[in-house]
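Descriptive structure summary
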Amino acid sequence: MTMRRRHGKGSGARGVALILVLTTIAILTSIGVDFSYGSRVSLRLAENSRDEVRAYYLARSAVNLSRLLLYFQRQVDLTGGAMARQFLGGRPAGQTGTTTATTTPTVPGVPGAQVGAAAAAPTNNLGIRLWEVLPIDSNAMTGLLGGGDPSVLGADRPEPGQPPRENAPLRPLEGGPVHSFGGFEGSFKAKIEDENSRINLRALDAVGDTPLATYTQLRAMMGDQKYDFIFNEPDAQNDRVRREDVVVAMKDWIDMDESGSAIDPNSTRNPFVNAFGDENSAYDRYEPRYKAKNAPFDSLEEVFMVRGVNDRFMAAFGDRLTVWLDVNAKLNINTDDPQQMMTNILAASRNPADPVLRNPRLLETIAQEIKIKKMFSFFGLSATDFVQILQANGVAVNPNLLNPSSPGNFLAATSDTFRIVATGHVGRTDKRVIAVVRYDDQLGKLLYWKEE
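About the criteria used
- Residues numbered from 1 in each chain as written.
- Predicted model: local features only at pLDDT ≥ 70, side-chain atom pairs only at ≥ 80, totals over all residues.
- Heavy atoms only, no water.
- Patch = residues over 30% accessible without salt bridge, like charges linked within 9 Å, V, L, I, M, F, W, Y side chains within 5 Å.
- Areas by Shrake-Rupley, 256 points an atom, 1.4 Å probe, with all protein chains shown as cover.
- Salt bridge = Lys/Arg side-chain N within 4 Å of Asp/Glu carboxyl O.
- Lys, Arg positive; Asp, Glu negative; His and termini not counted.
- Charge placed at Lys NZ, Arg CZ, Asp CG, Glu CD.
- Buried < 20%, exposed > 50% of the residue type's maximum accessible area, 1.4 Å probe, protein only.
- Helix = DSSP H or I, 4+ residues; strand = E, 2+ residues; numbered from the N terminus.
- Expected span 1.5 Å × (residues − 1).
- Contact = heavy atoms within 4.5 Å.
- Pairing = 2+ DSSP bridges.
- Core = buried A, V, L, I, M, F, W, Y, C linked by side-chain atoms within 4.5 Å.
- Phe/Tyr/Trp six-rings, centres within 6.5 Å; stacked < 30°, edge-to-face > 60°.
- Polar contact = N/O pair within 3.5 Å; in protein donor to acceptor, adjacent residues only side chain to side chain.

Attention shifts here to a negative patch on the surface. Together, Asp205, Asp257, Glu258, Asp278 and Asp284 make up a region of like negative charge exposed at the surface. You can call Asp205 partly exposed: its relative accessible area is 32%.

Structure follows, in structure tokens:
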């Protein structure tokens, strides 16, 4: 019995030791697994941060290449303007009759090209839009540059003081290492969009005939009955806003006074008049309350702050609005957006609400003739050509558009402001950069920059 008790006691001790060992192993295993998981997470975060930085600078590279392309586009436009003035005797394309001679400074190296406003937006161009033809894409550019072999940079470069020799070995370039284009991880691409082909909201607070032109464009854009649901249904603030009230609210948001405005339908210049009301009365009912900015828009996102502008409104019209143009900039009729082209046709008519303009066959015919004219016109489609096509199809045109030099003529055929949407991609990370530039003597004046 004594031997049996001792044997049982030893067996129990060994069982406790086994439990302690297993418990210790389980604890160490959990600590090791947690440490390994934390290390993998930290490594992945570091990789993502690295890829995010790389993607950001690839996107910036796409923006810089786009600005370089726009610089060459400006030279092409200036050359086209000079050629048009020589061939047409100083008259814009499509215009006939005599013109008044004026003396203007010229651009060095480009005969006949003018500086200032004329240089920024020449009267004519060759109809060549380089930013639509040449892709800003890393893969396409790598193929275009043949892989960017740096060895060719040293070809036919003899030693100092020695004459060139045939089949001479390549001598490397001095300085740091030479890298071929495309020798980086990831990719980038960019899209250039014409801002002058959109409706300029800043012009609502301009002087002269510009506000009437912008009001006409906005009314034509929103006038279609298919958009009635946007204005007939209440928004998130339980506010139901008419089309005219949205335009008035946009004007009140950027003007300098605190009083509300109204629309005078009989005005032949500025349709906005002082209504002696508080422009902030609608915003006082919102939660939280705020006031009109009384300054120009800084971005399209700010337009959401205006009374009557909601997600439905921006989904329907956001792509046809801009806030970065000069206050007196004109509308470029050379757009590839079919909806904007329809808006341009309605805005150029004497009566945008004319039932004749609701005929889809007529609008399709006009759009097709415009497309054909752009294809076969050496100097591109001018504003005068655009008006003549409308008249040839029986559309009564706004009288201000019949005279290219009229202050109320809001149509043009050239652009000077562009939006660049660039994307850099590395691994699983994408970075997007949005930039808006305007022509100048360098790579374009930067008006807006946003990183996403």
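Backbone torsion omega between Glu287 and Pro288 reads 0°, so that peptide bond is classified as cis. Tracing the sequence through the fold places Pro288 in the loop between strand S7 (272-278) and helix H8 (311-317). Positive phi, close to 60°, is recorded for Phe276, a residue that is not glycine. For Phe276, the position within the fold is in strand S7.

We now examine the pattern of salt bridges. One pass over the full model with this rule turns up 22 salt bridges. Of the charged contacts, one joins Arg243 and Asp228 as a salt bridge, the two residues approaching to 2.6 Å between their closest N and O atoms. Placement of the pair is Arg243 in helix H7 (residues 243-254) and Asp228 in helix H6 (residues 228-232), with a sequence separation of 15 residues. The closest approach of N and O atoms between Lys293 and Asp298, which form a salt bridge, is 2.6 Å.

It is worth spelling out H7 at this point. Here H7 spans 18 Å end to end across 12 residues, near enough to the 16 Å set by a 1.5 Å rise per residue. The buried fraction of H7 is high, at nine of 12 residues. Within the sequence span of H7, burial applies to Val246, Val247, Val248, Ala249, Met250, Lys251, Asp252, Trp253 and Ile254. Elements in contact with the buried residues of H7: helix H5 (210-222), H6, strand S6 (259-263), S7 and H8.

For the rest of this paragraph, the subject is the sheet that holds strand S12 (residues 429-438). As summarised here, the arrangement of the five strands in space is S3-S4-S11-S12-S13, forming an open sheet in which the pairing is antiparallel. The open sheet has two edge strands with one neighbour each: strand S3 (136-137) and strand S13 (445-451). Where S12 and S13 come together, six bridges link them in antiparallel fashion. If you follow Val437 over to S13, its bridge partner there is Leu446.

Ranked by size, the top nonpolar core spans 38 residues in total, and within it Leu218, Met250, Val303 and Phe313 carry the most contacts. Among the elements of the structure, H5, H6, H7, H8 and S12 are those that each provide at least two residues to this core. Residue contributions to this core peak at seven residues, all from H7. If we skip the residues at most four places from it in the chain, Val303 touches Leu201, Met250, Phe297, Val309, Met314 and Val323. Counting residues in hydrophobic clusters, the runner-up holds 26 residues, among them Ala220, Leu363, Ile366 and Ile370.

Once that is clear, we can look at a nonpolar patch on the surface. Taken together, the side chains of Leu18, Val21, Leu22 and Ile25 present a nonpolar region at the surface, about 370 Å² in accessible area. Following the sequence through the fold, Ile25 ends up in helix H1 (residues 2-87).

All right, on to the packing of aromatic side chains then. Counted according to the given criterion, the structure contains 15 aromatic pairs. Ring centres of Tyr71 and Phe72 lie 5.8 Å apart, and the angle between their planes is 75°; this geometry places the pair in the edge-to-face category. The partly exposed category is assigned to Tyr71, whose relative accessible area is 29%. Looking at Phe72, the relative accessible area reads 43%, which means it is partly exposed. Ring geometry for Tyr286 versus Tyr290: centroids 6.1 Å apart, planes at 55°, classification tilted. Since its relative accessible area comes to 23%, Tyr290 is described here as partly exposed. Among the aromatic residues, those joined into a cluster by ring pairs are Tyr227, Phe231, Phe313 and Phe317.

It is worth spelling out the side chain of Ser299 at this point. By the secondary structure assignment, Ser299 is in the loop between S7 and H8. Among the residues examined, Ser299 registers a relative accessible area of 13% and is labelled buried. Of the polar contacts made by the side chain of Ser299, one reaches the side chain of Glu301; its length is 3.3 Å. Beyond its immediate sequence surroundings of up to four residues, Ser299 is in contact with Val323, Trp324 and Tyr448.

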